[in-house]
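This is what each chain is made of:
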Amino acid sequence: MTDADLANYESLLARSRTRCVFAEPWWLDAAAGSRSAWTANLLFDDTGDALAAWPLPFRETKHGRVGHGVPYTPWLGPQLPDTDGALVTRLNSDVQLLEQLADGPLADWAHVEAACMPELDYWVPLSWHGFEQTTRSTWRLPAGIASDDVLAGLRRSPRRNLKVATKEGLVVVPGTIEDLLAACEATYAIQSIDGIPAREALERVARAAIERDRGEILAVRTASGELASAGLCVWDDRLTYNLANGRIASANASNAPTALLFTSIERALARGTGFDFEGSMLRPVEHFFRSFGGTPHPVSVVRRSTADWRRAVARKRRMKRLLRR
């Protein structure tokens, strides 16, 4: 991507309705590993200004480019400008831009897949160009509410957990990347997973966000100072995202995750942003997030593959099955 294209992309993000921290160049540099590992897929008007974009990490294959997700980047999809006026005007603009992206910069890609921000609320135009869609969900709390209102809206279980956490002497304090890694590693160990998946990517995005004052790590410590839990939140101008967290079971502080999440919400609201729980489809995690009284927001996961790419993937799967016999 040229310097001019990068400047065009950043200008578009500033006025994009679907923008998020995960679409920013510095974030994609860190998550994907380098500037050359992703591209903005810009759509230009006749004067050379960016009308829309679809940032995608990618790899080159003999079948063409394959666009894919990267670790710790939950939402990433088309970047569409905010449009003044009636809803029908905005939707008409979205339809035109989505069709032009699908038939223009992404026309020759072998595979494209992206979980889009909930602000992309109308994906149908992509279906006319061969895309399929799956709906996931995230939970959000809006900006502008008071933390007391959040506390009043908690279900019985997290409210009780917060009271017990206070009685146990648990405290939420600034944490370090080492705290975050230790807590995440302990959580994965409970699931019989050896080490943190994409550990280096987690370190890179955490460091990049903290250096830019766009993220923070909070740690929960017991009365004796032992680390019980830690989590990373990152933010943009509209939302704070609950990105990664973990708990150390040996600390015997089962209420630590509740204290950590509620403090993260309080700090997000004080920052002037809403809070995105970065929703999970795992039943116990979904139940935990839902107990904080947010509202669900649908997330469109869209994908399109060429016939050659589908055949190549099918062959690879057959070979894996044969090797396992």
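Further up the page is the structure itself.
Source: prediction; values computed, not measured. Along every chain, residues carry numbers that run from 1 in the direction the sequence is written. Local features are withheld for residues below a pLDDT of 70 in this predicted model, meaning they are given only at 70 or higher, and side-chain atom pairs are given and counted only at 80 or more; totals for whole chains, interfaces and linings count all residues. In computing side-chain values, all of the structure's heavy atoms are included and hydrogens and water are not.

**Considering the overall build of the chain**
Along its length, the chain carries 11 helices and 13 strands. By the compact-globule yardstick of 20 Å for 325 residues, the chain fits well, its C-alpha radius of gyration being 21 Å. Projecting the C-alpha coordinates of the chain onto the three principal axes gives extents of approximately 65 × 60 × 35 Å. Only protein chains enter the area calculation, which uses a 1.4 Å probe; residues under 20% of their type maximum are buried, those over 50% are exposed, and those in between are partly exposed. A buried classification covers 48% of the 325 residues belonging to the chain. Here the contacts in the chain between residues at least 6 apart in sequence split such that 72% fall between residues at least 24 apart. In this description, accessible areas are obtained by the Shrake-Rupley approach with a 1.4 Å probe, and a residue is regarded as covered only by the protein chains that are shown. Only carbon and sulfur atoms are counted for the fraction: they give 51% of the accessible area of the chain, which is about 15,700 Å². Helix and strand assignments follow DSSP, with helices taken as H or I runs no shorter than four residues and strands as E runs no shorter than two, numbered in order from the N terminus. Radius of gyration means the value over C-alpha atoms here, while the globule rule gives 2.2 Å times the residue count to the 0.38 power. The contact definition used throughout considers only heavy atoms, calling two residues in contact when any of these lie within 4.5 Å.

**With respect to empty space enclosed by the protein**
If a probe the size of a water molecule is rolled over the atoms, the empty space left behind becomes visible. Only protein atoms enter the 1 Å grid, on which a cavity is a set of points fitting a 1.4 Å probe that cannot get out and a pocket is an open set with protein on both sides within 12 Å along at least 5 of 7 lines, lining residues being those with an atom within 4 Å of a point. Grid points are joined across faces, edges and corners, and a volume is the space filled by probe spheres set on the points. According to the stated counting rule, one finds 1 cavity of 30 Å³ or more in the structure shown. Looking at the largest cavity, the residues that line it are Thr 18, Cys 20, Leu 76, Gly 77, Pro 78, Gln 79, Cys 116, Met 117 and Leu 120.

**Structural notes on the packing of helix H7 (residues 177-190) against helix H8 (residues 199-211)**
In this analysis, axes come from line fits to C-alpha atoms, helices being fitted only over the stretch in contact, and the angle between any two N-to-C directions falls in the range 0 to 180 degrees. For the pair H7 and H8, the least separation of the axes is 11 Å and the interaxial angle reads 145°. For the crossing formed where H7 meets H8, the hand is right-handed. Contact with H7, carried on its side by Ile 177, Leu 180, Leu 181, Cys 184 and Glu 185, involves Arg 199, Leu 202, Glu 203, Ala 206, Arg 207 and Ile 210 of H8 and no other residues of that element. In a left-handed crossing the near helix is turned counterclockwise from the far helix by less than a right angle, and in a right-handed crossing that turn is clockwise.

**What to know about H7**
Each residue after the first adds 1.5 Å to the expected span of a helix. Given a rise of 1.5 Å per residue, 14 residues ought to cover 20 Å, and the 20 Å separating the end C-alpha atoms of H7 matches this to within 8%. Looking at H7, one finds that the buried residues are Ile 177, Asp 179, Leu 180, Leu 181, Ala 183 and Cys 184. Close packing links the buried residues of H7 with H8, strand S9 (215-221), strand S10 (227-235) and strand S11 (239-247). Of the residues one or two after H7, Ser 192 is the one with positive phi, at around 60°.

**Some details on the environment of Met 281**
Along the polypeptide, Met 281 turns up in the loop between strand S12 (274-276) and helix H10 (283-290). Taking the relative accessible area as the measure of exposure, Met 281 reaches 59% and is therefore exposed. Placed 274 residues apart in sequence, Met 281 and Ala 7 show a C-alpha to C-alpha distance of 36 Å. Ignoring sequence-local partners within four residues, the contact set of Met 281 consists of Arg 136 and Ser 137.

**Side note on the side chain of Asn 242**
Counting through the fold element by element, Asn 242 comes out in strand S11. On the accessibility criterion, Asn 242 (6% relative accessible area) is buried. One polar contact links Asn 242 to Asn 245, side chain to side chain, over a distance of 3.0 Å. Contact partners of Asn 242, with chain neighbours within four places excluded, come to Leu 232, Cys 233, Leu 261, Phe 275, Asp 276, Phe 277, Glu 278 and Phe 289. Pairing of N or O atoms within 3.5 Å defines a polar contact, subject to two protein rules: one partner must be a possible hydrogen donor and the other a possible acceptor, and residues neighboring in sequence count only if both atoms are side-chain atoms.

**With respect to the nonpolar core**
Only buried Ala, Val, Leu, Ile, Met, Phe, Trp, Tyr and Cys residues count toward a nonpolar core, and they belong to the same one when joined by side-chain atoms within 4.5 Å. The biggest cluster of nonpolar side chains holds 43 residues, and the ones touching the most others in it are Tyr 9, Phe 22, Trp 27, Leu 202, Val 234 and Tyr 241. Looking at this core, the elements that each hand over two or more residues are helix H1 (3-14), helix H2 (25-32), strand S3 (50-53), H7, H8, S10, S11 and strand S13 (295-305). Ranked by residues supplied to this core, first place goes to H8 with 6 residues. In contact with Tyr 241, other than residues within four places in its own chain, are Cys 20, Val 21, Phe 22, Trp 75, Met 117, Leu 232, Cys 233, Val 234, Trp 235, Asp 236 and Asp 276. Val 150, Ala 165, Ala 251 and Ala 253 belong to the second-largest nonpolar core, a separate cluster that totals 25 residues.

**Describing H1**
In a regular helix each residue adds 1.5 Å, so 12 residues correspond to 16 Å; H1 covers 17 Å between its end C-alpha atoms and thus fits that length. All of the buried residues along H1 are Leu 6, Asn 8, Tyr 9, Leu 12 and Leu 13. Down the axis of H1, the sector holding all buried residues measures 160°, keeping them to one side. Away from its buried face by more than 90 degrees, H1 exposes Asp 3, Ala 4 and Ala 14. Close packing links the buried residues of H1 with H2, strand S1 (38-39), strand S2 (42-44) and S3. For this quantity, the arc is that covered by the directions from the helix axis to the C-beta atoms.

**What about unusual backbone geometry?**
One non-glycine residue with positive phi stands out, namely Asn 41, at about 50°. Its identity as a non-glycine residue notwithstanding, Ala 198 has a phi of 50°, on the positive side. Mapped onto the secondary structure, Ala 198 falls in the loop between H7 and H8.

**Observations regarding the pairing of strand S4 (residues 56-61)**
Strands are treated as partners if at least two bridges between them are detected by DSSP. With 2 bridges joining them, S1 and S4 adopt antiparallel strand pairing. Directly across from Trp 38, in S4, lies its bridge partner Pro 57. In this structure, S4 lies alongside strand S5 (residues 64-67), joined through 4 bridges in antiparallel fashion. Looking at S5, one finds that Arg 59 is bridged to Val 66.

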